[in-house]
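Next come the chains, spelled out residue by residue.
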Amino acid sequence: STMNEKICQNLQKTKVSEISANASHKPLSVLGIGKTIHVIATELTQWSSTLPKENKDRLWKIRNKLLPCLLRLMEHAVTVLHFSTIIDEYHDSDAAVVNEVLSIATIAATPFIGDGKTSSGSFGIGALLQWILGESIGCRAKENSYGILSLAYTLQSCSISPMTCAGDFETKGHKEYATLLSDSVASNDFLTRPVIDWSVQSAHVDASWTDGVSGVGSRTAMALLLTICKASCIITGSPAEEKEFTVGTETNSEKVPLLLRKIAHNIGTNVLAATARAQFFGRLEFPSTSPGQPTGTISTKTNSIGPFMPMVTRIGTVSKKSSSASKNDEKSYSDQPIRMNAAVIIFCLVYRDIDKLTSCGKAFSYTLPVMLSLMDDVRSINQALGALMLLSFVEASSRIENNEIPSFIENSSSIITKSLENAIQLSSRQDATFLTTICLAQSEWLRLLFNWIPLASKSSLRPTTVHAWMSKAASDNLVAVRKQVQMGGKDKNDELIVGALVAGIDPLLADLASLPNAATIEIARVGLSAILPLIGWRGMSMESRSIQIAALAGLLSLLSGAYPIMTHHGTKIMTEVLILLDRSDKDAIFMRDNDQADKSSDKLRNDELSTESVVSVALHAAAATLVICDKGADTVLSHVQKHGTLQYKRVSQIRNVGEK
């Protein structure tokens with residue numbers, strides 16, 4: 001038989017009773033079983049990174065026999081650990097060791113499960129965003145009915161929002177315009193959907209060590225995670241919560257975040273975060289000094305007696321253990337991607353239940369080096385994963401009340417801002433999902449600092465510094481979008497442009513518009529040079545309509561934030577908006593009058609909704625332009641009204657809304 005068959009046979013012959021017998025010795029139970037679990041975790045990492053590329057038979061055996069056997073052995077070891085803490089006298093000094101052991105087992109099982117949506121162990125950026133932001137992408141609070149990556153949310157949060165003006169117009173007698181706004185903006189599937197398609201393959205991270213067809217690795221890891229959760233509940237003194245994960249109708253995609261959050265709560269968020277960081281950098285040792293544990297409590301002698309699984313000899317490895325170990329330690333996460341997958345999933349969930357800023361800061365100290373390593377990577381997908389970690393921390397921090405800017409935020413604010421800036425520059429020509437994720441993390445990070453500015457009285461982080469960062473980020477993103485505009489819709493960059501607008505540019509412009517003294521003046525010219533061509537973006541597709549609406553939202557914030565100089569640009573702004581309005585009216589007539597038999601009803605309905613939405617937002621933007629830009633805009637509107645190049649009712653609507 002081959003070497004792999006021998007390994008599998010030897011692993012299958014391993015009896016749990018042998019581990020249990022050794023664990024029954026009181027001095028060896030916790031520490032010995034922990035070493036066994038650490039050895040198995042090391043084997044899982046090594047075998048998953050040495051998968052054969054050409055020998056499919058050997059690959060199948062490793063995926064479906066060897067790795068699942070290791071996971072089952074780890075599950076049995078966790079069960080023995082659980083019962084050993086019940087049978088033997090359990091001391092408080094053992095608590096840190098048990099928590100560390102369970103965290104190692106959790107880190108080992110996580111990469112085989114992924115986001116739980118498939119049995120392949122892969123995970124998607126969209127799924128992690130749902131875990132971080134809420135049930136729907138971007139819904140961070142119950143009162144927010146729109147996702148943060150939807151056009152409806154963008155229109156709701158921009159300056160001079162058409163969403164907030166609908167009620168005012170109805171009370172002032174303009175029922176027709178109020179109905180148009182409320183119907184097409186508030187209850188429109190086109191506007192409430194995410195602007196990015198997260199189901200694309202490029203937005204997913206594969207797990208090559210799991211067979212997605214048989215799914216045996218994923219099922220075994222899920223059973224291990226359930227065992228860890230039950231053991232952590234009972235060991236920490238909360239057995240009543242055990243039923244929460246043994247009975248229910250949840251799918252794996254719903255169970256995975258619940259299980260991981262429960263485990264983190266039971267064994268300690270900082271313990272799990274510290275283990276994830278150590279695993280990511282290839283420095284996972286056991287036993288180690290756990291957070292909050294006095295140094296020297298756990299013996300770290302290599303000759304400690306305990307139940308060990310014999311180390312298997314890998315094909316092609318050197319016989320000298322020392323050189324082999326040092327060589328493995330030097331491998332980066334790119335050579336052993338299982339380490340990165342585990343860290344990303346853990347750090348995207350570890351902050352969800354933190355309610356104290358001190359705990360959040362401790363976990364952030366473990367996250368920061370991992371996050372920066374990924375954001376400084378040359379691969380755009382790794383940069384996006386690092387941005388997800390930052391977004392998870394930002395969302396947790398925004399929910400915690402505090403009286404001053406935390407020191408860990410103040411000390412790391414500059415380097416994080418610079419890393420985000422560099423990541424956006426590198427990914428500006430890559431996949432839309434990557435750029436959107438990084439832009440979202442950047443805008444939310446700067447918004448967190450922006451909201452904490454009133455607390456900066458005793459901090460070295462000054463408001464002018466944060467405002468400068470926001471202005472520079474908005475300007476750089478606008479320049480990047482302007483370069484995409486010059487490509488003229490090539491390489492399917494429509495989604496990339498709208499993602500950058502909705503996730504990064506529009507939120508930053510809205511925040512800058514709220515500052516006193518018209519702080520957006522500095523980037524007004526750059527903004528207009530990028531936004532006006534987008535308002536005139538050609539096409540009737542949903543992507544083109546999305547760009548037009550997102551550009552109009554940015555224009556509204558720009559008009560408000562740089563109003564003193566907008567009178568000089570009123571002519572060209574009103575011209576672009578009226579051209580868009582006229583073209584949208586004609587598109588609506590074309591769709592209504594022409595035979596649409598070749599189109600499906602859903603496609604036709606989506607086209608009609610998107611066109612109606614553009615018309616309503618363009619009307620609002622034209623009215624705002626008329627009020628702020630005054631004479632220049634009024635001259636264009638009078639010319640159009642005189643020559644009849646636009647429907648009379650549109651001109652009347654613009655003037656009526658402007659007067660009110």
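In this text the structure is predicted, and so the values were computed from the model without any measurement.

(A) Molecular detail of the pattern of salt bridges. Under the counting rule described, the total for this entry stands at ten salt bridges. Measuring nitrogen to oxygen at the nearest pair gives 3.9 Å for the salt bridge that ties Glu 444 to Arg 447. Here Glu 444 pairs with Arg 447, and both are found in helix α19 (residues 432-451), just three residues apart, close to one helical turn. Assigned by exposure class, Glu 444 and Arg 447 land together as buried. Ionic pairing is found between Arg 655 and Asp 634, a salt bridge with its closest N-O pair at 2.9 Å. Linking Arg 655 in helix α28 (residues 648-659) with Asp 634 in helix α27 (residues 631-643), this pair joins segments that are 21 residues apart in sequence. Arg 655 gets classed as partly exposed once you look at its relative accessible area, which sits at 22%. Residues participating in the shared-partner salt-bridge network are Lys 418, Glu 421, Lys 472 and Asp 476.

(B) Summary view of the side chain of Thr 436. Along the chain, Thr 436 falls in helix α19. Separated by 2.7 Å, the side chain of Thr 436 and the backbone oxygen of Ala 432 make a polar contact.

(C) Spotlight on the packing of helix α18 (residues 407-427) against α19. At their nearest, the axes of α18 and α19 sit 10 Å apart, and the two run at 155° to each other. One element, α18, and the other, α19, form an angle in the roughly antiparallel class. Crossing geometry of α18 relative to α19 is assigned as left-handed. For the pair α18 and α19, the contacting residues are Ile 409, Ser 413, Ile 416, Thr 417, Leu 420, Glu 421, Ala 423, Ile 424 and Ser 427 in the first and Leu 435, Ile 438, Cys 439, Ala 441, Gln 442, Trp 445, Leu 446 and Leu 449 in the second. Its residues assigned to classes, the contact of α18 with α19 comprises twelve nonpolar, four polar and one charged.

(D) Structural view of the packing of aromatic side chains. In the structure shown here, the tally under the stated rule is six aromatic pairs. Between Phe 280 and Phe 281, the aromatic rings sit 4.9 Å apart at their centres with planes inclined by 90°, giving edge-to-face as the arrangement. By relative accessible area, Phe 280 is classed as buried at 1%. The partly exposed category is assigned to Phe 281, whose relative accessible area is 23%. Look at Phe 364 and Phe 408: their rings are 5.8 Å apart centre to centre, the planes differ by 45°, and that puts the pair in the tilted class. Of the two residues, Phe 364 sits in helix α16 (residues 357-375) while Phe 408 sits in helix α18, which places them 44 residues apart along the sequence. Joined through ring pairs, the aromatic side chains of Tyr 351, Phe 364, Phe 393 and Phe 408 make up one cluster.

Reading guide: rules and limits
- Residues numbered from 1 in each chain as written.
- Predicted model: local features only at pLDDT ≥ 70, side-chain atom pairs only at ≥ 80, totals over all residues.
- Heavy atoms only, no water.
- Salt bridge = Lys/Arg side-chain N within 4 Å of Asp/Glu carboxyl O.
- Helix = DSSP H or I, 4+ residues; strand = E, 2+ residues; numbered from the N terminus.
- Buried < 20%, exposed > 50% of the residue type's maximum accessible area, 1.4 Å probe, protein only.
- Polar contact = N/O pair within 3.5 Å; in protein donor to acceptor, adjacent residues only side chain to side chain.
- Axes fitted to C-alpha atoms, helices over the stretch in contact; angles between N-to-C directions.
- Parallel < 35°, antiparallel > 145°, perpendicular 65-115°, else oblique.
- Left-handed = near helix turned anticlockwise from the far one by under 90°.
- Contact = heavy atoms within 4.5 Å.
- Nonpolar A, V, L, I, M, F, W, Y, C, P; charged D, E, K, R; others polar.
- Phe/Tyr/Trp six-rings, centres within 6.5 Å; stacked < 30°, edge-to-face > 60°.

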